[in-house]
Amino acid sequence: MTVHNNWSDDNAEKIVDYYLAKGISKDLALRTYSAQLLGSDPELVLHGGGNTSVKSSCNDIVGNNINVLHVKGSGWDLGTIEPEGHPAVKLEPLLELRNLESLTDEDMVSSQRQNLLNPNSPNPSVETLLHAFIPKKFIDHTHSLAILALANQPDAINLCKKIFGTKVAIVPYVMPGFELAKVAAKEYEKAQNNCKLKGEEIEGMVLINHGLFSFGDTAKSSYENMIKLVNLAEKNLKRKINLSFTNTDLSKEQPNLVLPYLRGILNRFSKRYNQNNWIFDIRNNKSVNELFRYQDLSSLVKIGVVTPDHVIRTKSKILLLKEYENNSFDKIEKWVKDTEKALENYIEEYQIYFENNNLEVNNSKKPLDPLPRLILIPRIGLIGLGNEKKSASIAADIGQAWIETVLSACSIGTFKPVGEKDTFDLEYWSLEQAKLGKSKPPYLRGNVVAITGAGGAIGRAIAKEFYQAGAEIVSIDLNQKEASLTADICGTNALSIRCDITNKQDLENAFSEIIKNFGGLDILISNAGAAWEGSIANMCDLSFMKSMDLNLFAHFHASRKALSIFHAQDCGENNKELILGGQILFNISKQALNPGPNFGSYGISKAALLALMRQISLEEGKNGVRANGINADRIKSGLLNSEMIKNRSISRGLSEEEYMSGNLLRSEVLAKDVGKAFLALALMEKTTGAIVTVDGGNVAAMVR
Ligand code: ZN
């Protein structure tokens, strides 16, 4: 879509008033406003890309008025930036740096930090010096896709000169940092002097293979120059940029079946590089399909990124896989073998790229994992890969931006991005390398965990524990509202599914939804259950059957769906070290061991569930699949509600509190205790076929 000018004088005024009341200067308030406008358009700015600044003045602690540069701090996204996202850096000391011959990235970062007015601010952008050296009040920088389609042409310098004329400086590619700041300032001065002679004002600056800067004396004029230049770029493209994150629904497409196989291959390769499991984000729409029609797609996917900093999120090459044609001549095993081979080739090429380029820098770099972050499969689409859903989505967004830019670039000529060495310099930037190995990932990162009955008190407590351990959460419940409430407390990427687990079609749909959203499954927590009261003598058949349906058959069917995914993920793998396996954890109940009167239908179905758990552990141990269960008792939940607690305590002549803490520990067992027990079981890597009791201690229910 065409990038629009969304500036509103009214809104700008309101924002200035709003921030003035909080002690924020007019300059910074307007800087915040137009930065947000730029950041809200993904065709201009994506995931932390782009940066903005304003030169202003403020008082230091002793009251001296000093010139400062408010420049975007790292970690902030322009779309949601607040005034503190543009920390103030003393301007004069930054300007002095221009006299230096050279400056390492580390020294640049520390001199920028030393000059922060508030030492607690985030690191100023790596493009801070570029903003400082150009003497314009407002400076905006984006990685506009339309600009990138022009700036990644073989003859980009001349093409951009022709399109943008003399009011725009053109800067050849230099990696961001001190060197780029100096080169850009020089090109700016040249262009500005030319403009002056003609009585014109410079409007912006194209960075070849990188992006666009715009300038202005006011926030409005700088923003409007940005939009104007981007619109001019759009006009010069035959194929228009149309970045859309809407997805075609793939739920009915058979090829979805291959996703767990693919995830398994990637996860097994990952084990070699001590990486977590992978989470998928799958995209399919008009543009993705247009890419599949591109004639020489296998060369195009290896050509490189549209702007160098994307390499950190997506690597420079996309892995193109073969379509899986679901017929008897093309067995899935063959597709898996072909895919393994394709991945091996990808890894080999990456390692050669690393070794060759590392040699140039005296082998000073630590290798990153060689696995792709973007995969294309015909009829499935574009798959973004990440250690968690968030990074998978970011990779997929950038992949879609790549498709838009490259197809539009090809519509007017040839897409030619920066070369391998420049890509390597960015991917293996010393500032990025310094971050490696500094943080320990959460234990269950990269694991997809589906919980049935997740809308209830215990299900919700389980979901919370697993979410906090870093897992991706699928909240499944008969009640959509309750399922969503659980998903809501598990971050923005948790998936909620309404599902009657006693209905096989519903279950089928739920598991295909999980695959479509995450690519596979690692842990099923088969938790849903309900109790029907009545003695064996008097109970009607229907109640007994209902109990068996929900407390046994539904677990049986859900387990089989989970097992089929686990088996697909491990397709053909015999090496015990590489098998991924999986886990099924059951909420069993103490009734399985210690039946109570009038709870026959519940206890019998739960006793059979205990047997199911043991049977699965027996049959699936060799496949690395663990099955375990929790025997919990007397937890306040939908199954044991306030009214039941009241009646039972009265009938036993106890207070409610005494009834609830009637155990060896004399302590009420809470839903969160059950959640913690499930998590503990999930982490007990050498345990299968076991039940863990969570009842505060009850001799009659002890396992014997
Ligand atoms: Zn940039």
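Refer to the preceding data block for the structure.
These notes cover the structure that comes with them. (Residues numbered from 1 in each chain as written. Predicted model: local features only at pLDDT ≥ 70, side-chain atom pairs only at ≥ 80, totals over all residues. Heavy atoms only, no water.)

## Describing the pattern of salt bridges
Heads up, the rule is: We define a salt bridge as a side-chain nitrogen of Lys or Arg found within 4 Å of a carboxyl oxygen belonging to Asp or Glu. Counting from the N terminus, the helices are DSSP H or I runs at least four residues long and the strands are E runs at least two residues long. Buried means the residue's accessible area, taken with a 1.4 Å probe over protein chains only, is under 20% of the maximum for its type, while exposed means over 50%, and partly exposed covers the values in between.
The tally for this structure, following the rule as stated, stands at 31 salt bridges. For Lys322, the salt bridge is made with Asp338, and the minimal N-O distance between the two is 3.2 Å. On the criterion of sequence distance, the pair formed by Lys322 in the loop between β9 (319-320) and α14 (332-360) and Asp338 in helix α14 is long-range, its members being 16 residues apart. Here Lys322 falls in the exposed class, since its relative accessible area comes to 53%. One network of salt bridges, in which partners are shared, links Arg268, Lys337, Glu340, Asp570 and Glu573.

## Let's talk about helix α15 (residues 389-412)
For clarity, the threshold we go by: The span you would expect from a helix comes to 1.5 Å times its residue count less one.
For α15, with 24 residues, the first-to-last C-alpha span of 35 Å sits near the 34 Å given by 1.5 Å per residue. When you tally the buried positions in α15, you get 20 out of 24 residues, the bulk of the element.

## Concerning the coordination of the zinc ion
The following threshold applies: Note on donors: an N, O or S atom is included if it sits within 2.8 Å of the metal, or within 3.2 Å for Na, K and Ca, and water is never included, so sites can look incomplete.
Coordination of the zinc ion by the protein is provided by His141 (NE2), His143 (NE2) and His210 (NE2), with metal-donor distances spanning 2.1 to 2.2 Å. On the accessibility criterion, His143 (9% relative accessible area) is buried.

## A look at a nonpolar patch on the surface
As a reminder, the rule being used: Distance thresholds for patches are 9 Å for like charges and 5 Å for nonpolar side chains (Val, Leu, Ile, Met, Phe, Trp, Tyr), applied to residues having over 30% relative accessible area and no salt bridge. Shrake-Rupley sampling with a 1.4 Å probe provides the accessible areas, and residues are treated as covered by the protein chains on show and by no other component.
On the surface, Leu664, Val699 and Met702 cluster together to form a nonpolar patch covering roughly 290 Å² of accessible area. Here Val699 falls in the exposed class, since its relative accessible area comes to 53%.

## Focus on the sheet that holds strand β1 (residues 51-59)
Selection criterion: Two strands are counted as paired when DSSP detects at least two bridges linking them. Axes, fitted as lines to C-alpha atoms, cover a helix only where it is in contact. Angles between the N-to-C directions of the axes lie from 0 to 180 degrees.
Strand order in the open sheet made by the seven strands is β3-β2-β1-β4-β7-β6-β5, with mixed pairing throughout. Pairing within the sheet leaves two strands with one partner each, and these edge strands are β3 (88-90) and β5 (168-171). Strand-to-strand twist across the sheet, computed as the mean angle between neighbouring axes with direction ignored, equals 25°. When strand β4 (residues 138-142) meets strand β7 (residues 211-216), the two strands line up antiparallel, connected through five bridges. Bridged to Phe138 within β7 is Gly216.

## Thoughts on the side chain of Asn628
Note the following rule: Here a polar contact is recorded for every N or O atom pair within 3.5 Å, except that within protein the pair must consist of a potential hydrogen donor and a potential acceptor, and residues adjacent in sequence are included only if both atoms are side-chain atoms. Contacts are assigned to residue pairs that have any heavy atoms within 4.5 Å of one another.
Take Asn628: it is sitting in strand β17 (residues 625-632). A distance of 2.9 Å separates the side chain of Asn628 from the backbone oxygen of Thr687, its partner in a polar contact. At 2.9 Å, the side chain of Asn628 forms a polar contact with the backbone nitrogen of Ala690. Apart from residues no more than four positions distant in its own chain, Asn628 is found in contact with Ile584, Leu585, Phe586, Met613, Leu681, Thr687, Thr688, Gly689 and Ala690.

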